[in-house]
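Each chain, written out:
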Amino acid sequence: MAGKVFFSVTMSLDGFIAPEERMDDPDRWMAQWMELQQWAFPQRFIRENLKLGEGGDEGRDNDIARETFERTGASVMGKRMFDLGEQAWPEEAPFHTPVFVVTHEKRDPWERPGGTTFHFVNDGIEIALDQAREGARDRDVRIAGGGATILEYVNAGLIDEFSITLSPVLIGSGIRLFEGVDAGRVALEPVRAEPTPRVTHLTYAVRER
């Protein structure tokens, strides 16, 4: 169990990883989210993994999408992300590994075709991470989201590394990645910056300040 704990998200230039929810205008939310993620869906690997059809772009963006998937041996997510995904993911959910959902809901594991099994953890973020480490074996654990769950892990000092794909869009309002971060305990060390024609991929190691 020697893998890293990391997260990887797409972020707008003004610092948001998801638009503001608008119950009266869900189409606007979806349009903004698709614009934020516009770099991802043309990629060959993502199209194959989400069963969107054959073909697609190949290049560094595609390589990074594949590398992120291949390093991940298990994922952790919050209940809100799971609830949204349960409605949106295809029957063969795109993880293909164990996923540990931090929740107060008691529920039996939910096995999906293609190797994804969702486990529901009622004992907090550290127990969920312990279980994910065991499930990941020698690969890494990805904190999949959403933003509040990622922030909990950052503030608890449990993140080793993270990557931000900086997308050239402005959203204006929504979920900020680092809203409420305990900046007094978190220091960052740049690891890599990779610009592509669509986005810039930034990777940082996390150190305790």
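Residues numbered from 1 in each chain as written. Predicted model: local features only at pLDDT ≥ 70, side-chain atom pairs only at ≥ 80, totals over all residues. Heavy atoms only, no water.

Colleague: Any chance you could explain the packing of aromatic side chains here in plain terms?
Modeller: Aromatic ring pairs are reported here in terms of the distance separating the ring centres and the angle at which the planes meet. Applying the stated criterion across every chain yields a total of 14 aromatic pairs. Where Phe45 meets Phe69, the ring centres are 5.2 Å apart and the plane angle is 55°; that geometry is what we call tilted. Of this pair, Phe45 sits in helix α2 (residues 44–49) while Phe69 is found in helix α3 (residues 60–71), placing the two residues 24 residues apart along the sequence. With a relative accessible area of 12%, Phe45 lands in the buried category. An aromatic cluster is present here, built from Phe82, Trp89, Phe95, Trp110, Phe118 and Phe120 joined pairwise through their rings. A cation over an aromatic ring shows up here: Arg71 above the ring of Phe6, its NZ or CZ 3.8 Å from the ring centre. (Phe/Tyr/Trp six-rings, centres within 6.5 Å; stacked < 30°, edge-to-face > 60°. Helix = DSSP H or I, 4+ residues; strand = E, 2+ residues; numbered from the N terminus. Buried < 20%, exposed > 50% of the residue type's maximum accessible area, 1.4 Å probe, protein only. Lys NZ or Arg CZ within 6 Å of the ring centre and 35° of its normal.)

Colleague: Is there a simple way to explain the pattern of salt bridges in this structure?
Modeller: A side chain of one charge can pair with a side chain of the opposite charge when the charged atoms of the two come close. For the structure shown, the criterion picks out 17 salt bridges. Arg71 is paired through a salt bridge with Glu161; the nearest N and O atoms lie 3.2 Å apart. One end of the pair, Arg71, is in helix α3; the other, Glu161, is in strand β8 (residues 161–167), and 90 residues separate them in sequence. Of the residues examined, Arg71 reaches a relative accessible area of 22% and is grouped as partly exposed. Among the ionic pairs, Lys79 bridges to Glu105, the shortest N-O distance being 3.3 Å. With Lys79 in helix α4 (residues 79–88) and Glu105 in the loop between β4 (98–102) and β5 (110–111), the pair connects residues that are 26 residues apart, well separated along the chain. (Salt bridge = Lys/Arg side-chain N within 4 Å of Asp/Glu carboxyl O.)

Colleague: I tried to follow helix α6 (residues 147–155) on my own but got confused; where do I start?
Modeller: Turning to α6, its buried residues number three or more, namely Gly147, Thr149, Ile150, Leu151, Tyr153 and Val154. At the exit of α6 stands Gly157, carrying a positive phi of roughly 75°.

Colleague: For this particular structure, what's the right way to read the side chain of His201?
Modeller: One can find His201 in strand β11 (residues 200–208). Polar side-chain contacts of His201 include one of 3.0 Å to the side chain of Thr165. (Polar contact = N/O pair within 3.5 Å; in protein donor to acceptor, adjacent residues only side chain to side chain.)

Colleague: Can you help me understand the pairing of strand β3 (residues 72–78) in this one?
Modeller: A regular strand carries its side chains on alternate faces of the sheet. Burial within β3 is extensive, with 7 of its 7 residues counted as buried. Here 5 bridges tie β3 to strand β7 (residues 140–145), and the two strands are oriented parallel to one another. By the bridge assignment for β7, Ser75 is matched with Arg142. Taking the sense of rotation as the criterion, the β-α-β connection linking β3, α4 and β4 turns out right-handed. (Pairing = 2+ DSSP bridges. Right-handed = clockwise from strand over helix to strand, strands pointing away.)

Colleague: Quick question: what am I supposed to make of the environment of Lys4 here?
Modeller: Residue placement: Lys4 occurs in the segment before β1 (5–12). Put simply, Lys4 and Val141 are 137 residues apart on the chain and 6.3 Å apart in space, counted from C-alpha to C-alpha. Beyond its immediate stretch of four places on either side in the chain, Lys4 contacts Arg71, Asp140, Val141, Asp160 and Glu161. (Contact = heavy atoms within 4.5 Å.)

Colleague: Quick question: what am I supposed to make of the pairing of strand β6 (residues 117–121) here?
Modeller: Of all the 5 residues making up β6, 4 are buried; the element is thus mostly covered by neighbouring parts of the structure. Taken together, the 5 bridges between β4 and β6 define a ladder with parallel strand orientation. Bridging across to β6, Val102 finds its partner in Val121. Here 2 bridges tie β5 to β6, and the two strands are oriented antiparallel to one another. Residue pairing for β6: Glu111 is matched across the bridge by Thr117. In sequence, β5 turns back onto β6 through a hairpin of 5 residues, with Gly114 there showing a positive phi of about 90°.

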